[in-house]
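# Descriptive structure summary
The chain contents come next:
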Amino acid sequence: MVDKEKREKIKRKNKAKENFDYALLLIIVILIGIGFVMLYSTSSYTSQLEYGDSFYYVKKLLIALAVALVGLFFTVKIDYHFWFRFKWLWYIASVIAVLSVMIPGLGKTVNNARRWIVLGPLQIQPAEFVKLAMIIVIAWFICYLKKNVNYIRTMFVILAFTAFVSILIWAVNDNLSTAIIVFGIAAVMCFVANKKYTPFVAAAGTLVALVSVFVVSIRNMNTSESFRIRRILVWLNPEQYASEGGYQVMQGLYAIGSGGLFGKGLGKSIQKLGFIPEAQNDMIFSIICEELGLFGATAILILFVMLLWRLVNIAIHAKDLFGSMIAVGVFAHIAIQVILNVAVVTNTIPNTGITLPFISYGGTSIVFLLAEMGIVLNVSSQCEYKE
């Protein structure tokens, strides 16, 4: 009996090793490696001027990466069903995390936005935790309501719970971009889980129509007290509003245009020399286009497509609905963030301050991104493939 149990245990371990998605892990490693190279190239000049150390941002991100790798190790090893037990705690923790920026002495305001909390030497952005937490919560919701998942009212309940957190992020953290991402993740997960596509198509069409009407209605405005309306005006005519936000957009477009097919060469960007403010954050893709050209930028986007395809493969072959929905949620997170970041940099949509996953500077972001990937890799190790 004992020998039989040992054989079964060894068999499960061998199957887990066989199913583990090493391709996904390799893509993640490559993206992180590219991210560090581009971070140094983008930030070395300004960090030398401001901090006297050209590796300032690289060193800070290396510390965050060390923490992230520990998190990745544990989330890979822990059975993903473990997170299922704490569904309501994840939701409550999300609400507390968003509200924590309001606590005196804990919350920190940067550029008139309350988006960070300070824990000793650490500066953490709670909204990054919320993305991971809500993926688990929504996956549990869909599993719990799976018998009624095709009913509109069921989708409304899930989206209403998500909307509450999204509105909190918008109102408390003044972070509309993250609010959109969190709600977008829920919408994609509900869309994939539901067999009826008509309500989602109708909702998307209505949203596009309303946004179009709104943009047209403010097109002829000269100014506004709302900074979000000003962002739309800048997007529509960056040259006219160069002193009100259009400057960064125009410099980013100059960087993209000057890169050509193969770029100026790694480290040879001109726009990163103070022309694009905080280029290492949400505008890093413009520097990639300038230094590596269309060829390099396309290669990075292909890596993201490959990563998304691996997530789709895991979602299809997951052992159960919970694992599948976690993979779908992470897919939605990465896809939405990449699409919005590239759209902002190319001035396809108004500036929203969304970073490029694994590439842009951000310690909190890399920690929770790798935690997400660790959970998905654990799902992959338990996938069931037909012979």
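To be clear, the structure that these remarks concern was listed above.
Notes on the structure in this doc start here. All figures in this text were calculated on a predicted structure; none of them were measured in a lab.

Once that is clear, we can look at the overall build of the protein. Across its full length, the protein holds 13 helices and 3 strands. Taking all 387 residues of the protein together, 49% fall into the buried category. Nonlocal contacts in the protein, meaning residues at least 24 apart in sequence, comprise 70% of its contacts between residues at least 6 apart. Accessible area of the protein: about 19,600 Å², with a carbon and sulfur share of 67%.

Another point: the side chain of Thr-154. Tracing the sequence through the fold places Thr-154 in helix H6 (residues 152-173). For Thr-154, a relative accessible area of 7% puts it in the buried group. Here Thr-154 is in contact with Leu-145, Asn-148 and Val-149, once residues within four sequence places are set aside.

In a packed pair of helices, the relevant descriptors are the angle between the two axes and the axis-to-axis distance. Between helix H4 (residues 87-99) and H6, the least distance of the axes is 9 Å, while the angle of their chain directions is 15 degrees. Classified by the angle between their axes, H4 and H6 sit roughly parallel to one another. Here H4 and H6 pass one another in a crossing that is left-handed. Here Trp-88, Tyr-91, Val-95, Val-98 and Leu-99 of H4 come into contact with H6, specifically with Phe-161, Phe-164, Val-165, Leu-168, Ile-169, Val-172 and Asn-173.

With that settled, the discussion passes to the packing of helix H11 (residues 284-317) against helix H12 (residues 321-345). H12 packs onto H11 with a crossing angle of 165 degrees between their chain directions and a minimal axis gap of 10 Å. With respect to H12, the element H11 is oriented roughly antiparallel. Handedness of the H11/H12 crossing: left-handed. Taking contact as the criterion, the partners of Phe-285, Ser-286, Leu-301, Phe-304, Leu-307, Leu-308, Leu-311, Val-312, Ile-314 and Ala-315 in H11 are, on H12, Ser-324, Ala-327, Val-328, Val-330, Phe-331, Ile-334, Ala-335, Val-338, Asn-341, Val-342 and Val-345. A per-class count over the contact of H11 with H12 returns 18 nonpolar, 3 polar and no charged.

This part takes up a nonpolar patch on the surface. A cluster of nonpolar side chains, contributed by Tyr-45, Leu-49, Tyr-247, Ile-270, Leu-273 and Phe-275, occupies part of the molecular surface with about 540 Å² of accessible area. Under the relative-accessibility criterion, Leu-273 is labelled partly exposed at 33%.

Soluble globular proteins tend to pack their nonpolar side chains together in the buried interior. Residues Val-130, Phe-304, Leu-307, Ile-334, Phe-358, Ile-366 and Leu-370 are the most contacted members of the largest nonpolar core, which totals 107 residues. Not counting chain neighbours up to four residues away, the residues in contact with Leu-307 comprise Leu-24, Ile-27, Ile-28, Leu-31, Ile-334, Phe-358 and Met-373.

What follows deals with the environment of Leu-39. Tracing the sequence through the fold places Leu-39 in helix H2 (residues 22-51). Given the relative accessible area of 0%, Leu-39 is considered buried.

Time to look at helix H5 (residues 126-144). With 19 residues, H5 extends 27 Å between its outermost C-alpha atoms, agreeing within 8% with the 27 Å of an ideal straight helix rising 1.5 Å per residue. Burial analysis of H5 places 18 of its 19 residues in the buried class, which makes it a mostly covered element.

In this section: the packing of aromatic side chains. On inspection of all chains with the given rule, the structure shows 25 aromatic pairs. Plain terms: the ring middles of Tyr-40 and Phe-55 are 4.5 Å apart, the flat faces sit at 20 degrees to each other, and that makes the pair stacked. One end of the pair, Tyr-40, is in helix H2; the other, Phe-55, is in the loop between H2 and helix H3 (56-77), and 15 residues separate them in sequence. Take Tyr-40: its relative accessible area is 31%, and that puts it in the partly exposed class. Given a relative accessible area of 40%, Phe-55 falls into the partly exposed group. Between the aromatic rings of Phe-82 and Trp-83, the centroid separation amounts to 5.1 Å while the plane-to-plane angle is 80 degrees, which identifies the pairing as edge-to-face. Judged by its relative accessible area of 13%, Trp-83 is buried.

Basis of the calculations
Residues numbered from 1 in each chain as written. Predicted model: local features only at pLDDT ≥ 70, side-chain atom pairs only at ≥ 80, totals over all residues. Heavy atoms only, no water. Helix = DSSP H or I, 4+ residues; strand = E, 2+ residues; numbered from the N terminus. Buried < 20%, exposed > 50% of the residue type's maximum accessible area, 1.4 Å probe, protein only. Contact = heavy atoms within 4.5 Å. Areas by Shrake-Rupley, 256 points an atom, 1.4 Å probe, with all protein chains shown as cover. Axes fitted to C-alpha atoms, helices over the stretch in contact; angles between N-to-C directions. Parallel < 35°, antiparallel > 145°, perpendicular 65-115°, else oblique. Left-handed = near helix turned anticlockwise from the far one by under 90°. Nonpolar A, V, L, I, M, F, W, Y, C, P; charged D, E, K, R; others polar. Patch = residues over 30% accessible without salt bridge, like charges linked within 9 Å, V, L, I, M, F, W, Y side chains within 5 Å. Salt bridge = Lys/Arg side-chain N within 4 Å of Asp/Glu carboxyl O. Core = buried A, V, L, I, M, F, W, Y, C linked by side-chain atoms within 4.5 Å. Expected span 1.5 Å × (residues − 1). Phe/Tyr/Trp six-rings, centres within 6.5 Å; stacked < 30°, edge-to-face > 60°.

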